[in-house]
Amino acid sequence: MSRKISDTRVSRRTVTAGIGAAALAGVAPFNIGRAQGAPLKVGVLLPRSGTQAGIGQDCQRGVDITVGILKQMKMPDLQIMNADTETNVDVARARAEKLIADGAQLLVGAFDSGQSTAIAQVAEQKGIPYVINIAAAPPITEQGYKFVFRNFPTGPMILRDAFLNQKEIFALVNDQPKTAVMLHVNDTYGMSILGGTKAMFPRFEMPYKIVEEIAYDPAARDLSVEVAKAKATNAEVLIAVSRLNDAILVTREMIKQRWTPKSVLSIGPGWYEDQYLKTLGKNADGPISFVPWYDPNKKATKLLEDALAKAHAGIGLNTNHVYTFEALLVAADAYKRAGSADPKALADAIRATKITDNVSPGPGIQFDAKGQNDQLKCSAIQNRGGKLVTLAPKASANAKPDWPLKRA
Amino acid sequence: MIGRILRDVPRRTLVLLACFFAVLAAVPFIAGDYVLTILILILYFAYTGQAWNILMGFTGYLSLGHALFTGLGAYSAASLFVHFGVAPWLGLLAAIPIAMAVAGLMGFLAFRFRVSGVYFAILTIAFAEFARIGFDHFAWVSGSSGLFLPVAQYAHNDLWRLRGNPMMFYYIILVATALAFLISYLLLRSRTGYFWLAIREDEQAARATGIDTFRYKMMAVMISAGMTSFGGVFYAFYYNNLFPEQVFHIARSIEIILAPMVGGIGTLFGPIVGAFVLETASEGLRVILEAFGIDVPGIKQVFWGFVLLAIVIALPEGVWPWIARRLGLKERGP
Amino acid sequence: MPLDVYLNVAVGGLLTGLVYGLMALGLSVIFGVVRVVNFAHGEMMTIAMYLAITLFSVLGLDPLVMLVPIAAVLFVFGYALQAKLINSFITRPEHSQFLLLVAIAIILVNGLLIIYGPDARNVQTSYSFDSFEIGRLIIDANKLYAAFAALVVTALLFAFFRFTATGTAIRACADNHTGALVVGLDVKKLYALTFALGSACVGAAGVMLLMIFDVTPALGPAYTLLAFVIVITGGLGSMPGALLGGVLIGMTEALAGLLFQPSMKSMFTFAILVLVLLIRPQGIMGRRA
């Protein structure tokens, strides 16, 4: 996918250069040489209405608490400019243009891979740095972009850590399951995990073999058939790749169909989210999720937890808040070091990011040449009594696994 | 051809049209990329609306599945580009025939078995949904993982490979919209156009007068699909990523048809006027809400829904026929 | 795969299909009489589901009890909608009616988002996780209750149309619009009543479906489409057809999911739909117009 398409060659078919220059002059340098001290204008794009409204609004909670925390961390002030992408690529692109026209000096967003790609193109053309909060599709950082950064693991990274953490847990509980059935949603995320599994599985020498892969539609209304099919394989563990609603549906069906595998190993969202815990009550206990998470032992985590508890009582800290916060942290940190809001200086500063006082597991925030944080670690977390504990990796663990799954 | 247009069309309309086009052509010199992006959206929906209008507006067959044809166009050209480096203009040579062939199949089944009215609409939805799920499982175009076109720094506009800045895309869609308008005009004034209108007004009577209704309906659905597929090619190279869930989704089909419905079905200016009205209303509402400091997700869409409601209640024929009457212009209404 | 898996899946598909059938029944009744296709059908169902959420959190009523008041609220909503808005669109072309209902649908989806927020909501009853075990057959209690309620509601509706004077008058409107006018029936009022009944149906179905899955504001459009598919398959305007269509689609999806990759199961639904449209466009139980 890295084929370069004529980025240097001047073509005779090129639209007249004069027109281009005129257009560029029209959007002149509104953001060059702003004095340090003025807040950095950050445009935040999130899908707060439409089908992804739930996640978008959850990420927004992360945005809302961030400004205060940055003050506590003695970071420069950010002026947040919110925009709703309406879960629509057209809107995402137009909003990005609008934010930049309104003076945004840096963009953050947008949860979804499609919308993020649309925004990335705008940012790249305008030369405005763009920090992606959440989006796992690998191609985004494989395009040779110079102004696009992602502090979120790609599908293969999530998977690699899932396998490593699973092995850690199997060793801890001294049990090596022999068979697994994989139930996965057939969307961008589900496919990237499935594809990754096929490619990487042999290298990790996992104790189990996957006896069947069952794909279901992301818009599925009823998952009784899928669960019946999974149950019929008699596999020891269920590996789930889901979103929120389907995770709840699968759990209900498992209870109704009286199927209790040794464990549910979920790679991705759904099984640990607030809504899941609230909806299922004590039936939510047990599943282990392998996700980009936070390190409960890090100092900044406490700040974030407290701020969230104050602003939204009853909502537990999760991936959405953490990675949205960190995207904004990257922005503030770069602004501090660059000493100016000049987009090029900001981008250079982001490239040189080295934040160790952060929230996500791993050595901290830094970016490789492609703008990807390749040092991120994912965690294994377990639902326990409506709370979440971290089981692995060892460095950020705060509990021992409950094994096997017990159901009333 | 030009001579005929000059002879047939009232001078007032021509002058108005020329002014309108001139203003649009001049926009990039005065406006920034944000305005261009909005105009690209408007013209995109004007273009696809114009293409859809050939089937619904001229022949009276309501398609609620035109995302099928944008999707087929987008995926044909994009996959050829990704896999073989085929430039989109050559890709069109595959995209258009593919869309036309599928439209032909759909039309053949529908018209042979006399499917019409609501049933035809549902059939088009079924085809689009079938394609959506099918493409979700079509590994060669990366299925539901999404097809990503390689993008690099746009140091220069490359018109041949459709890599460039919004201005380039703006001019492309502007020319396409103008061409679609012209084609629609010529078709409507042709023998075929008269047969289409006859079918729309009374299909049985049309058949009774000896019109081969099957043949002309097939022409309508295939021409409409072929034109629509270019919209898809444009979409693919403008956004550079495709997901079956998005491009074939029924919401996309509905977006395509809103502009001509609001503007005035069966009219030439309807799709353009409708696209302007709807997108301007959407952006205007955002500006107003922002001015009042209201940031409630979903509230813009509620107001927008009311705008739509008001238009459909107050102007049953659409916005354009109403404007045209005011301006003293005549265009054949629906 | 053992036989009992097939049996379990088929029974599940049958029960879900019955509830889908009830939801689609509303659409079918409305089209059969008023000749307007309700493109806001799924959105009206989500209104009922959210009403149930509110009632449940305030009064703690069981969904099966809430069925009646919520169906009544939807009845009033439907009556008002038809009397105030749709009646003036009866003579307008289909696409105009379509646009009207799409506008209403957009307002409803986003209005619900503003009022209730984006998160999935549901009700927790004491039997939320229950299932009955009969030999090797495991039946979901919620689906069973919901399917039973669907049958009762359908029977009531059927009785209304067959045995009451108003029901007969409505059928007369459907059969012969001009004739109904000639004999002095207040057609507009009967239309409003029909739309109200259809709305009540989808309201009842919404409450029952809430026992099976959670509601989000964006749920509506998918169910509008599902209702369409079922009604066209069963026969637009035919009451038994809607139930039969629901069961057929429910079972097809269930068995297709079992035999093939479940993510492809909707393809079979659309394939059936296309076949019905081509071979028997009036639907399995429909009459030729």
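This text gives an overview of the structure that appears in the document.

1. Notes on the pairing of strand E6 (residues 179-185) of chain A
Residues and elements named next belong to chain A.
Part 1 of the argument: The buried fraction of E6 is high, at six of seven residues.
Part 2 of the argument: Across seven bridges, E6 lies against strand E7 (residues 209-216) in parallel orientation. Each bridged residue has a counterpart across the sheet, and for valine 181 the counterpart in E7 is glutamate 212.
Part 3 of the argument: Inspection of the sheet shows E6 paired to strand E8 (residues 237-241) by five bridges, in the parallel sense. Within E8, the position partnered with leucine 183 by the bridge is alanine 240.

2. Topic: the sheet that holds strand E11 (residues 379-384) of chain A
All names here are of chain A.
Part 1 of the argument: What the seven strands build is an open sheet, ordered E7-E6-E8-E9-E10-E11-E12; its pairing is mixed. Across the chains shown, the open sheet's two edge strands, defined by having one partner strand only, are E7 and strand E12 (387-392). Neighbour-to-neighbour, the strand axes of this sheet turn through a mean angle of 25°, independent of strand direction.
Part 2 of the argument: Taken together, the three bridges between strand E9 (residues 263-267) and strand E10 (residues 288-291) define a ladder with parallel strand orientation. Residue pairing for E10: serine 266 is matched across the bridge by serine 289.
Part 3 of the argument: Packing against the sheet, helix H7 (residues 224-232) makes contact with E6, E7 and E8, and its axis sits at approximately 170° to E7.

3. A word on the sheet that holds strand E5 (residues 148-150) of chain A
Picture the strands of a sheet paired through backbone hydrogen bonds; they go either parallel or antiparallel.
All names here are of chain A.
Part 1 of the argument: With parallel pairing, five strands are arranged side by side in an open sheet as E2-E1-E3-E4-E5. The outermost strands of the open sheet, each flanked by one partner alone, are strand E2 (78-84) and E5. Looking at each pair of strands side by side, their axes are set apart by 25° on average, direction ignored.
Part 2 of the argument: Summarising the sheet, strand E1 (residues 40-46) and E2 pair through seven bridges and their orientation is parallel. Bridge pairing in E2 places leucine 45 opposite alanine 83.
Part 3 of the argument: Seen against the sheet, helix H11 (residues 319-338) touches E1, E2, strand E3 (106-109), strand E4 (130-132) and E5 and runs at an angle of roughly 160° to E1.

Each value, and the rule that gives it
- Residues numbered from 1 in each chain as written.
- Chains lettered and ligands numbered in written order.
- Predicted model: local features only at pLDDT ≥ 70, side-chain atom pairs only at ≥ 80, totals over all residues.
- Buried ≥ 20, exposed ≤ 12 C-beta atoms within 10 Å, placed from the backbone.
- Helix = DSSP H or I, 4+ residues; strand = E, 2+ residues; numbered from the N terminus.
- Pairing = 2+ DSSP bridges.
- Axes fitted to C-alpha atoms, helices over the stretch in contact; angles between N-to-C directions.
- Contact = placed C-beta atoms within 7 Å.

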